[in-house]
Amino acid sequence: MGILEVKDVGKRFGGLQALGDVNLSVAENSVHAIIGPNGAGKSTLLNCLVGKLIPDSGSVMFDGQSVLGRKPYEINQMGISRVFQTPEIFGDLTVFENMMIPCFAKRDGAFRLHALENVGRERDLVEKAEQMLIDVNMIDKRHMHTASMSRGDKRRLEMAMCLVQEPRLLLLDEPTAGMARADTNNTIDLLKEIKETRDITMAIIEHDMHVVFSLADRITVLAQGTPLVEDTPDKIKGHPKVREAYLGEAH
Ligand SMILES: Nc1ncnc2c1ncn2[C@@H]1O[C@H](COP(=O)(O)OP(=O)(O)OP(=O)(O)O)[C@@H](O)[C@H]1O
Ligand SMILES: [Mg+2]
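Keep in mind that this is a model prediction, so the values were computed, not measured.

Caption draft 1: Representation of the packing of helix α5 (residues 151-163) against helix α6 (residues 181-197) within the structure. It is at 10 Å that the axes of α5 and α6 come closest, and there the two elements cross at 15 degrees. The angle between α5 and α6 falls in the class roughly parallel. Here α5 runs over α6; the crossing is right-handed. On α6, the residues touching Gly152, Arg156, Met159 and Leu163 of α5 are Asp183, Asn186, Thr187, Leu190, Leu191 and Ile194.

Written out as structure tokens, the structure reads:
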């Protein structure tokens, strides 16, 4: 049994079957990559895991408990954090203020902007946020407003905002999308370090095969809402079905 068990999950948008019967088992402390062409249903699947979408059928179990029917913040409190395809950070707040959001949310179950005014009295949370910024190499940018940051830094901050909640399962939707090669390589290094130093399971959606093959223990290939094949990176590399699905895309 994996820490995450997805069974026969289906999701329609009107006449479009975005997910067929998706089955997925993610082993604890592994990195499981989900790859597939544009529109394959990768983000839809991830959204079903975090309560952003409710599947029409099937079940999603995390550590033996169903996530279906739970609100996103409840799923978050179960130990699942996610980095969406578009970074969800506040451009008007500084790096440090953004970091405080999940710190408050984890402790209080909610975040209120005015809580930031009392940050001085929250020594333990401040230390936690600062330590996380040190861990991801962003402490020098703590006073920067995030709107002006590079995409790579925004992603890094969003990852730090997830990690500070000490999730058991981290879901990443294209963590290197739109990044320059140097930022991509930095992200690979950061994710490798996370994998090695923390008790954490990761499910990662990614188009960049270099990222996938650098990190994944297992890979599921999704095409038109259905898993084509699931295997180790070595097996996936030479798989004819994968080459077919990726014609013109694998590089
Ligand atoms: N909210 C929605 N309403 C209607 N159709 C949707 C919705 N979200 C996704 N879709 C459709 O469902 C299919 C799967 O989309 P999804 O975003 O899950 O694909 P993806 O694999 O993440 O693609 P990409 O690699 O481009 O991010 C696509 O055809 C998409 O247009
Ligand atoms: Mg997507």
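Caption draft 2: Quick look at the site of ligand 1. Around ligand 1 sit 14 residues, and of these Asn38, Gly39, Lys42, Ser43 and Thr44 come closest. Separating an oxygen atom of ligand 1 from a backbone N or O atom of Ser43 is a distance of 2.9 Å. When residues of the shell around ligand 1 are traced back to their parent elements, those giving at least two are β2 (16-26) and α1 (42-49). Partitioned by chemical class, the residues of the shell around ligand 1 number five nonpolar, seven polar and two charged.

Caption draft 3: How the structure looks around the sheet that holds strand β4 (residues 57-62). The four strands are arranged β2-β1-β4-β5 in an open sheet whose pairing can be described as antiparallel. Sheet topology places β2 and β5 (65-66) at the edges, where each strand pairs with a single neighbour.

Caption draft 4: Quick peek at the nonpolar core. In terms of nonpolar packing, the biggest core is built from 50 residues, with Met99, Met100 and Leu157 touching the most fellow members. Top contributing element to this core by residue count: helix α3 (residues 95-108), with seven residues. Residue contributions to this core reach at least three from each of two domains, namely domain 1 (4-79 + 167-248) and domain 2 (90-154). Leave out the neighbours within four places in its chain, and Met100 touches Phe111, Leu116, Val119, Leu125, Val126 and Ala129. Counting residues in hydrophobic clusters, the runner-up holds 27 residues, among them Leu4, Val6, Phe84 and Leu171.

Reading the values: rules and limits
- The residue count restarts for each chain, going from 1 along the sequence in the order it is written.
- Both sets of labels track the order of writing: A upward for chains, 1 upward for ligands.
- Reporting in this predicted model follows two pLDDT cut-offs: at least 70 for local features of residues, and 80 or more for side-chain atom pairs to be given and counted; totals over whole chains, interfaces and linings ignore these cut-offs and use all residues.
- Hydrogens and waters are ignored; side-chain quantities use all the structure's heavy atoms.
- A fitted line through C-alpha atoms serves as each axis, taken over the contacting stretch for helices, and the angle formed by two N-to-C directions is quoted from 0 to 180°.
- Elements are defined by DSSP. Helices are runs of H or I of four residues or more, strands are runs of E of two residues or more, and each kind is numbered from the N terminus.
- What sets the label is the angle itself: under 35 degrees gives roughly parallel, over 145 gives roughly antiparallel, 65 to 115 gives roughly perpendicular, and the rest give oblique.
- Throughout, a crossing is termed right-handed when the near helix is turned clockwise from the far one, and left-handed when it is turned anticlockwise from it by less than a right angle.
- Should any heavy atoms of two residues lie within 4.5 Å, those residues are counted as being in contact.
- Residue proximity to a molecule or strand is established when one non-hydrogen atom of the residue lies within 4 Å of it.
- Polar contact is defined as a pair of N or O atoms within 3.5 Å, subject to the rule that within protein one atom must be able to donate a hydrogen and the other to accept it, and that residues adjacent in sequence are counted only when both atoms are side-chain atoms.
- Ten residues, namely Ala, Val, Leu, Ile, Met, Phe, Trp, Tyr, Cys and Pro, are considered nonpolar, four, namely Asp, Glu, Lys and Arg, are considered charged, and the remaining ones, Gly among them, are considered polar.
- Note on pairing: DSSP must find at least two bridges between two strands before they are called paired.
- In plain words, nonpolar cores are sets of buried Ala, Val, Leu, Ile, Met, Phe, Trp, Tyr and Cys residues tied together by side-chain atoms within 4.5 Å.
- A 1.4 Å probe rolled over the protein chains alone gives each residue an accessible area, and that area as a share of the maximum for its type sets the label: buried under 20%, exposed over 50%, partly exposed in between.
- An automatic or database domain assignment provides the domain bounds reported here.

Everything listed here is a matter of coordinates, which is why it stays silent on function.
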